[in-house]
Amino acid sequence: MGDLLDLLAVWMPRQRWYGTKGRDPRLTIVADWPLDDDVRLLLVRDEAVHPAIVYQVPVAVRAEGSVPPGSLIGASGEGQVWTDATTDAGFTDQLYSWVTAGGEVGAPGDGFIGFALAMSDGKTPAARATAKVLSGEQSNTSLIFRPDEGTAGVPVICKLFRQVNPGINPDVELQSALAAGGAAFVPAAIGEVRGSWMTPEGVPVSGSLAFAQEFFDGVEDAWRVALDAAAAGEDFAERAHALGTSVAGMHVALAAQFPTREPDDADRAAVVGAWDRRLAIALAEVPALAPYADRIRAVYAAAARAPWPSLQRVHGDLHLGQVLHTPSNGWVLLDFEGEPLRPIEERLLPDVAVRDVAGMLRSFDYVSGAVADDDGDAVRAWVIDAQQAFLAGYADTAGAVRTDDDPLLAAFELDKAVYEAIYETRNRPDWIGIPLAAIGRLAPLD
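Here is what the cut-offs are and how they apply
Within each chain, residue numbers correspond to sequence positions counted from 1 in written order. For a predicted model such as this one, the threshold for reporting local features is a pLDDT of at least 70, and the threshold for listing and counting side-chain atom pairs is 80 or more; totals across whole chains, interfaces and linings nevertheless cover every residue. To obtain the side-chain values, all non-hydrogen atoms of the structure were used and water was disregarded. What counts as a helix is a DSSP run of H or I of at least four residues, what counts as a strand is a run of E of at least two, and both are numbered from the N terminus. Think of it this way: a Phe, Tyr or Trp ring, Trp meaning its six-membered ring, pairs with another when their centres are within 6.5 Å, and the plane angle makes it stacked under 30 degrees, edge-to-face over 60, tilted otherwise. Using a 1.4 Å probe on the protein chains alone, a residue whose accessible area is under 20% of its type maximum counts as buried, one over 50% counts as exposed, and one in between counts as partly exposed. Whether a charge lies above a ring is judged from NZ of Lys or CZ of Arg, which has to be within 6 Å of the ring centre and within 35 degrees of the ring normal.

**Student:** Looking at this structure, I do not really get unusual backbone geometry. What am I missing?
**Tutor:** Peptide bonds are mostly trans, and most non-glycine residues show a negative phi. The linkage connecting His50 with the following residue, Pro51, adopts the cis geometry, with an omega of 0°. Mapped onto the fold, Pro51 is located in the loop between strand 2 (39-46) and strand 3 (53-63). A positive phi angle, close to 55°, is found at Asp335, a residue other than glycine. By the secondary structure assignment, Asp335 is in the loop between strand 16 (330-333) and helix 8 (344-347).

Written out as structure tokens, the structure reads:
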């Protein structure tokens, strides 16, 4: 497999899901599951960073010239090439069978894939389906399986986790639990793929490889719905209130299904420390933040002194792009994996639910920068109305009043805006005004 590793070392850094940009990969194969003579499912460890990252890379050998655009990895032999198997029916048909019917490959001593099925009543997938890779993914690869013509069953979306970690992925764990509890604000869970491999120390571990759920065809995410409404000057308060209700329902259900605990001094110190570290980076990279530094620190200090709610499992990366507007279920929340750049150990810990609330408020605020409108005051008023309606819907369901005067909410909003200032400075300088304006409102100068 040495030649393939050399090819992967060139190909992987060009993929959107590769997380170690700017460094030469140092790859070893930690698991190799042959699915047939020409298709293999690999787990590849990259030791160019510490801790090392394990990637899931399905590959296939095909005749040269028969490879879909963008799937070529490199030459395999005379007239043959290695390809990314996420676009190959030899792999995608097998993946669909795993998540809808189950199965096993390999033996525990050699690397083993085990399959857990999580079917929901009334959400039966088709016996046969055709796959299409979803464009726009970054940290993972998602495939849409639509029933073949004349075949009954719901469409399915299957997320193939590119970076894999020991333990169950929170996207699988949280969405499956919510769906099993009857929540209508998440898609029905269809099936899961787990795999086992060995650590460099020879310790066997297992983790999530893929997760399939009901796919809502022909619907738009909340970001697009909100943009269209704001551009048209449509009142969004009722829909924002319903979205707040869904988010609160998620938090209530997660608190009931997973352990909660009271925050201690170490928990507070960890959160405040993260805020301070992010602010230090922002002050070094965004000179316009300098006048606000003391006021930002004061907001953080007030939050540290304020009462904190119980810690619980949360979404962890909630924004309008993580929500679908569906005719059957209303608002549906997606992608419970958490922030991909945070270590998996952190994403599995109980957190402060208001983090999700702050993320949604910041997402609404971005509508004002994304909508081209000569009447900026009207768009700003639209954003404020939507945010307030969202908070009201959240409070009505969560049973806790969350207002603009809540010091913890203000601190999490401010931290998110500080992060956005870093991101926009690095990637979209024309958008820097959005987080800077928010920081000016959340930490106003005297």
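So that's the structure; there's more coming.
**Student:** Would you mind going over the packing of aromatic side chains with me for this structure?
**Tutor:** The geometry of an aromatic ring pair is captured by two quantities: the separation of the ring centres and the angle between the planes. One pass over the full model with this rule turns up twelve aromatic pairs. Centroid distance Trp11 to Trp17: 5.8 Å. Interplanar angle 65°. Geometry classified as edge-to-face. For Trp17, a relative accessible area of 7% translates into the label buried. With centroids separated by 6.2 Å and ring planes inclined at 70°, the aromatic side chains of Phe236 and Phe364 adopt a geometry described as edge-to-face. With a gap of 128 residues between them, Phe236 in the loop between helix 4 (222-232) and helix 5 (237-257) and Phe364 in helix 9 (residues 354-370) connect regions that are remote in the sequence. The buried category is assigned to Phe236, whose relative accessible area is 2%. Among the aromatic residues, ring-to-ring pairing joins Phe236, Trp331, Phe364, Trp382 and Phe390 into one connected group. Over the aromatic face of Trp431 sits the side chain of Arg428, whose NZ or CZ is 4.3 Å from the ring centroid.

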